[in-house]
Amino acid sequence: MSSRPAPPEPRPITEARLLAMVNASGDSFWESDVERRFVHVSDNMCRMMGYPREELMGRSVVDFMTPEYRAQIVLMAQSRSQGDNPLAHTQPIRHEGEFFRKDGSRLWIETVSVPVFDDGGAHIGYFGITRDVSERKHAEHALREANQRLEAQLQRIHELHAQMHEQSIRDELTGVHTRRHFVDVAERELDRVRRDGGALSLVMIDLDHFKMINDAHGHLVGDVALRAVGTMLVATTRAEDLACRLGGEEFAVLMTDTDHHTALARAETWRATLASTSVLADGIVLRLTASFGVATFPSQADSLSALLRLADSRMYRAKAQGRDSVFGEASL
Ligand SMILES: Nc1nc2c(ncn2[C@@H]2O[C@H](COP(=O)(O)OP(=O)(O)OP(=O)(O)O)[C@@H](O)[C@H]2O)c(=O)[nH]1
């Protein structure tokens with residue numbers, strides 16, 4: 001039977017072995033006086049900084065910091081000295097920043113430092129462990145950049161989405177809204193009036209003798225005229241109004257919170273504007289007029305279809321009485 005080997009003798013830790021252990025950890029170790037001038041730097045510290053030991057000894061750790069890092073350290077020192085915690089100066093502090101290496105390159109490091117006191121309790125300097133965190137910092141930077149790119153792409157997608165939506169509800173030729181969008185919004189607005197009270201009005205607009213323009217000058221000239229009407233409506237309607245092209249040379253404007261009297265006056269303004277404006281198309285000067293029918297919800301019609309029918313019939317009354325005019329209830 002073999003006897004068990006005797007247990008090893010406990011070894012007291014010596015400074016040399018302690019340093020070997022610190023070096024084996026891969027971290028860098030240093031000690032400074034109260035002015036933060038190095039009084040000891042480990043092999044790893046020299047390697048990491050790219051300096052021979054003799055060029056580091058006696059220099060202040062602050063000399064190697066980038067200006068941003070220095071500013072951060074000054075701020076930290078200020079906030080610690082302003083604090084009322086008497087233990088503040090005995091606590092370890094952790095900070096991150098960039099050092100300049102001997103070859104001028106920058107190195108991201110993380111440092112934990114603690115104040116050092118002599119046996120009599122006098123503050124004699126600092127002890128620090130410093131670690132190269134460049135890889136993590138570069139990864140964080142790359143991640144931040146990737147996030148920023150992603151956010152920019154998302155923003156662009158939102159913009160395109162909004163642009164596509166805007167295009168889908170706009171009539172391509174005239175720039176006013178499409179009939180479908182008009183019906184959606186109008187139904188919602190009628191519901192709102194049913195719920196909250198008030199009134200809204202609809203103006204139906206039909207260009208006069210438009211066929212003659214097409215026949216005399218061609219469809220493209222007719223298109224220019226339609227575009228001019230659209231531009232005039234977009235420019236002269238309020239943000240809360242909804243101008244649309246119902247089809248062909250027929251337009252409509254839905255006016256929220258507008259009584260019949262006001263709607264008639266607004267329609268008269270559009271009639272006069274159109275009649276006094278010349279449109280230049282392909283070298284031809286066109287004079288346009290239109291007939292307007294005005295109807296108001298809920299006093300004159302109880303649904304959207306009834307409102308459209310009433311405005312349409314009044315628009316035909318305006319045509320019948322000689323065109324270039326506005327017809328509404330007050331005209332009866
Ligand atoms: N250029 C062009 N013409 C269009 C468009 N849509 C409809 N039209 C024309 O608009 C004209 C409408 O004519 P009509 O409905 O007879 O009415 P009008 O000539 O305006 O006469 P009144 O309405 O009675 O004053 C037709 O010639 C259609 O071809 C379009 O998108 N572009």
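Treat the numbers as computed from the prediction; the structure is a model and nothing was measured.

Conventions we followed
Residues numbered from 1 in each chain as written. Predicted model: local features only at pLDDT ≥ 70, side-chain atom pairs only at ≥ 80, totals over all residues. Heavy atoms only, no water. UniProt positions renumbered as here; feature names shortened; annotations may be inferred. Helix = DSSP H or I, 4+ residues; strand = E, 2+ residues; numbered from the N terminus. Near = heavy atom within 4 Å. Polar contact = N/O pair within 3.5 Å; in protein donor to acceptor, adjacent residues only side chain to side chain. Areas by Shrake-Rupley, 256 points an atom, 1.4 Å probe, with all protein chains shown as cover. Nonpolar A, V, L, I, M, F, W, Y, C, P; charged D, E, K, R; others polar. Pairing = 2+ DSSP bridges. Salt bridge = Lys/Arg side-chain N within 4 Å of Asp/Glu carboxyl O. Buried < 20%, exposed > 50% of the residue type's maximum accessible area, 1.4 Å probe, protein only.

The sites that carry the UniProt feature "coiled-coil region" (unreviewed entry) are, in the present numbering, residues 136–167. In the segment residues 136–167, helix accounts for 100% and strand for 0%; the C-alpha atoms at its two ends are 46 Å apart.

Further remarks concern the site of the ligand. In the vicinity of the ligand, 16 residues are found, and the nearest of them are His209, Phe210, Lys211, Asp223 and Arg245. In the environment of the ligand, an oxygen atom lies 2.8 Å from a nitrogen or oxygen atom belonging to the backbone of His209. For the ligand, an oxygen atom lies 2.8 Å from a polar atom in the side chain of Lys319. The fraction of the free accessible surface of the ligand (660 Å²) that becomes covered by protein chains is 69%. A class-by-class count of the residues in the shell around the ligand yields 3 nonpolar, 5 polar and 8 charged.

So, on to the sheet that holds strand β6 (residues 200–207). An order of β7-β8-β6-β11-β12 is seen for the 5 strands of this open sheet, with the pairing classed as mixed. Of all the strands in the sheet, just β7 (242–247) and β12 (326–327) have a single pairing partner and so form its edges. Sheet analysis places β7 next to strand β8 (residues 250–255), joined by 5 bridges and oriented antiparallel. Across the sheet, the residue bridging to Cys244 is Ala252, located in β8.

Once that is clear, we can look at the pattern of salt bridges. All chains considered together, the criterion is met by 31 salt bridges. Two residues, Asp27 and Arg131, come together in a salt bridge whose shortest N-O distance is 2.9 Å. Taken together, the residues span a long stretch of sequence, with Asp27 in the loop between α1 (15–24) and β1 (28–32) and Arg131 in strand β5 (residues 123–132) at a distance of 104 residues. For Arg131, a relative accessible area of 40% corresponds to the partly exposed category. Residues joined by salt bridges that share partners form a network here, namely Asp27, Arg94, Glu96, Glu110, Arg131, Arg136, Lys137 and Glu140.

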